[in-house]
Amino acid sequence: RAEVDRQLSPENRRALQRSLREATEPLVQVKDTLRGTFGFFADTSNSKKLRNYIDGDYPVLLVLCLGLIICASLVLFCGVSAGCLLAVREKSRTRAANGRNPYSTTVPKCAKCAWCCGFFFSIFALFVSGLMVTVGTPLSGLCLVLDDLNGALLHDIAPAVGLNLTGDRGAMTVDVIDQCFNPSNASNPGYLLDIVFVTENGTKVTMREKVVNQMKGQIAAKFAFISEKLDASGVSLADSAKVNELRQAMRLNAVDEMMLAVPNLNTVSRFEDLALASELVVGYSISAACGDLTVSSGMGDFSGKTITGISDFVSRLRDFGVEVNGTGVEVNSTDCTRTVICTDAPGSDSGRACVAGNALVELKREVRSAGTYKCDLFEDPSDPSGPACDPLRMSHNGTTWVDDCAKLDGTMTLKPRSCDLAEFQQYARDFDERVRLIFKRLDFAVEEASNHIDTRLRGLMEEHVLGPIDRIADGATCGFLAGYYQNMIDGFCYQGVVGMRYITGSYIVCAVAIVVLIIVNYLIWSRTSDNVLAWAPEEALFPRHVCFGEEEAGPLKVDDGIEDGKSARSAR
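So, here is what we can say about the structure in this document. (Residues numbered from 1 in each chain as written. Predicted model: local features only at pLDDT ≥ 70, side-chain atom pairs only at ≥ 80, totals over all residues. Heavy atoms only, no water.)

**Description of the overall build of the protein chain**
Using the following cut-off: Numbering of helices and strands runs from the N terminus; a helix is a DSSP stretch of H or I covering at least four residues, while a strand is a stretch of E covering at least two. Residue exposure (1.4 Å probe, protein chains only): buried if accessible area is under 20% of the type maximum, exposed if over 50%, otherwise partly exposed. By definition in these notes, contact holds between two residues if any of their heavy atoms fall within 4.5 Å.
Of regular secondary structure, the protein chain possesses 18 helices and 14 strands. The buried share among the 572 residues of the protein chain stands at 32%. Sequence-distant contacts in the protein chain: of pairs separated by 6 or more residues, those separated by 24 or more amount to 66%.

If you want it as structure tokens, here you go:
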């Protein structure tokens, strides 16, 4: 838990964010270059405007295209009509028989309209086709570059497009092109954390190594340490040397034998006169027990030392007076805490030391006779108001522990109890067995929880911390860009540019066809208009027909050299 907190601390997260921002600058550079190059085509506002011009409220392009189609259709209609009328209705015999001009005026009019309008239409078609050729040629070259784009080609064109490919940024930019936009292996997902890297102390470290491997490695090392400790523990806590030393100390050393006076007892006024008699100075360090005690091992600096009991001190005190052991006397005692009637004068050193010795014995008697010792136990979870629950009665039935005084939530409620010295001694002595049972229970809990600690906790860590890190690392890919990039090339180059070339060719073919139509209709107009003029009466005005209007001439007389039946062409 501590290692996870350290790895995910705010400082480490901020450092990781800085590394990611610095390492992803080449990606931003490539993105900006592509946006600057193809931003117009990717801008949704431009596509919306184009759709609005085509089929929106103001379909300008649609109207323009329809107008061009109508104009072309009219030119074609006039031209075809002139040819058809020339073939079937140029001359009427009925009109000739009635002395009227037999030639139709509709044919030259249609032919004139066809070649005049076709002239302007052909100029427009040739202009548009030339403009599209001018635009399409560099676009075709751009498409070749885009289709073959790779790291080597990028190095060649970098100066022209303003890319800086030096240092780590350049290397990452080239890797982005080779693994994201045009990978040699189409199945390569293009992991970004393997592409982006930082340089630490001259060593290249990918972001996967920095984010995933290092973090996961350190957390996994902690789990390995836990597993190693759990596997190597072997000896249970209940059987460990330290616990056995503790149990031995409680078993071999009675509580009253370990009750010593405070170190500064010689400064208390009641007892300071003990120092006046060298025989009684030992009273400052006697215990509350009657007999002497040799401290067992495992008790630190006290191990092996002998602690003097009350009986030894009382025997020394007898040298200063008569021991009182009868009833009815104020200083009487039925155990080892017996006082004496001092024989020396109260003002003498020995008398004062005797009085202080009696005061010390009375203090020890109070300690031994007190009923305010604490023998606290626990409430019985099944009967909180009933008798206290003592872990001393705890047992294991093979699957669970009973009489362990623990509630369902694992907590325990203390039940205060007062007791005298004898009960307190037994209470403390029983801690030998209590400690054994408690540590045995703890061993059982450790064994039971080791699976939760080593396996279940590891599973939670994998699910909620390490797993998401792996998913983020494996999900940060750019391989999908290759498909979109190829689709862009297919749409822009193999459809857009190729379609532009087809349209250019269509305009050229259309212009050539119109030029042919112009020539044919000009010949039709020239012939049919001359025929119409040749049959006009002599008082008729014969205009010189031009494309942009008619210029009138003077009257043509018969005696000017034109005879009936002769063509105007022969008269000229």
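**Here's the deal with the packing of aromatic side chains**
We count it as follows: Ring pairs are drawn from Phe, Tyr and Trp, using the six-membered ring of Trp, whenever the two centres fall within 6.5 Å, and their geometry is named by plane angle: stacked under 30 degrees, edge-to-face over 60, tilted for the rest.
Taken as a whole, this structure holds nine aromatic pairs when the rule is applied. Here the aromatic rings of Trp115 and Tyr522 are separated by 5.2 Å at their centres, their planes lie at 85°, and the arrangement is edge-to-face. Of this pair, Trp115 sits in helix α7 (residues 106–147) while Tyr522 sits in helix α17 (residues 480–534), and the two are 407 residues apart along the sequence. Look at Trp115 and you get buried, because its relative accessible area is 14%. Both rings, one in Phe119 and one in Phe120, keep their centres 5.5 Å apart while their planes meet at 80°; by these two values the pair is edge-to-face.

**Focus: the state of the cysteines**
What counts is decided by this rule: Throughout, disulfides are identified as pairs of cysteine sulfur atoms within 2.5 Å of each other.
Enumeration according to the criterion identifies five disulfides in this entry. The disulfide that involves Cys143 links it to Cys493, with 2.0 Å between the sulfurs. Here Cys143 and Cys493 share a disulfide; its torsion about the S-S bond, -95°, makes the bridge left-handed. With Cys143 in helix α7 and Cys493 in helix α17, the pair connects residues that are 350 residues apart, well separated along the chain. By the burial criterion, Cys143 is buried, and Cys493 matches it. No disulfide involves Cys71; its nearest neighbouring cysteine sulfur is the one of Cys117, lying 7.9 Å away.

**A look at unusual backbone geometry**
Residues other than glycine seldom take positive phi values, yet Asp403 does so here, at roughly 55°. Residue position: Asp403 is located in the loop between β10 (401–402) and β11 (414–415). Owing to a relative accessible area of 46%, Asp403 belongs among the partly exposed residues under this scheme. Unlike most non-glycine residues, Cys405 shows phi in positive territory, near 65°. Counting through the fold element by element, Cys405 comes out in the loop between β10 and β11.

**Some thoughts on the nonpolar core**
What counts, and what does not: As used here, the term nonpolar core means buried Ala, Val, Leu, Ile, Met, Phe, Trp, Tyr and Cys residues forming a set that is joined through side-chain atoms within 4.5 Å.
Core analysis: the biggest nonpolar cluster contains 21 residues, and Phe271, Leu274, Leu280, Phe313, Leu317 and Leu360 have the highest contact counts within it. Those elements that provide at least two residues to this core are α13 (310–317) and α14 (349–369). Ranked by residues supplied to this core, first place goes to α14 with six residues. Beyond its immediate stretch of four places on either side in the chain, Phe271 contacts Leu265, Tyr284, Ala356, Ala359, Leu360 and Leu363. Among the nonpolar cores identified, the runner-up in size contains 20 residues, and Leu149, Leu154, Phe181 and Ile195 belong to it.

**Some remarks on the pattern of salt bridges**
The condition is simple: Take a side-chain nitrogen of Lys or Arg and a carboxyl oxygen of Asp or Glu: if they are within 4 Å of each other, that pair is a salt bridge.
Applying the stated rule across the entire model yields 10 salt bridges. One salt bridge in this structure joins Asp256 and Arg368, with 3.5 Å as the shortest N-O distance. Of this pair, Asp256 sits in the loop between α12 (241–252) and β3 (293–294) while Arg368 sits in helix α14, and the two are 112 residues apart along the sequence. Given the relative accessible area of 8%, Asp256 is considered buried. Accessibility expressed as a relative area gives 22% for Arg368, which makes it partly exposed. The residue Arg338 makes a salt bridge to Glu323 at a minimum N-O spacing of 3.4 Å.

**Some details on a nonpolar patch on the surface**
Applied cut-off: Surface patches are drawn from residues lacking salt bridges whose relative accessible area is over 30%; two like charges belong together within 9 Å, two nonpolar side chains (Val, Leu, Ile, Met, Phe, Trp, Tyr) within 5 Å. Each accessible area is a Shrake-Rupley estimate made with a 1.4 Å probe; only the visible protein chains count as cover when residues are assessed.
Together, Val133, Ile508, Val512, Val516 and Val520 make up an exposed nonpolar region whose accessible area comes to about 380 Å². Ranked by the residues each element gives to the nonpolar patch, the list is headed by α17, at four residues. Relative to the helices and strands, Val512 resides in helix α17.

**Quick word on the environment of Ile469**
Within the secondary structure layout, Ile469 lies in helix α16 (residues 431–475). Relative accessible area serves as the criterion here: at 15%, Ile469 is assigned to the buried category. Separated by 258 residues in sequence, Ile469 and Val211 place their C-alpha atoms 8.2 Å apart. Ignoring sequence-local partners within four residues, the contact set of Ile469 consists of Val212 and Met215.

**Describing the pairing of strand β1 (residues 197–200)**
Under the convention used in this document: Think of it this way: DSSP has to see at least two bridges between two strands before they count as a pair.
Pairing between β1 and strand β2 (residues 203–206): four bridges, direction antiparallel. When the bridges of β2 are listed, Phe197 appears paired with Thr206. Turn length for the β1-β2 hairpin, with the two strands adjacent in sequence and antiparallel, is two residues, and the turn residue Asn201 shows positive phi of about 55°.

**Topic: the side chain of Asn531**
With respect to the secondary-structure elements, Asn531 resides in helix α17. Not counting chain neighbours up to four residues away, the residues in contact with Asn531 comprise Glu90, Asn101 and Tyr103.

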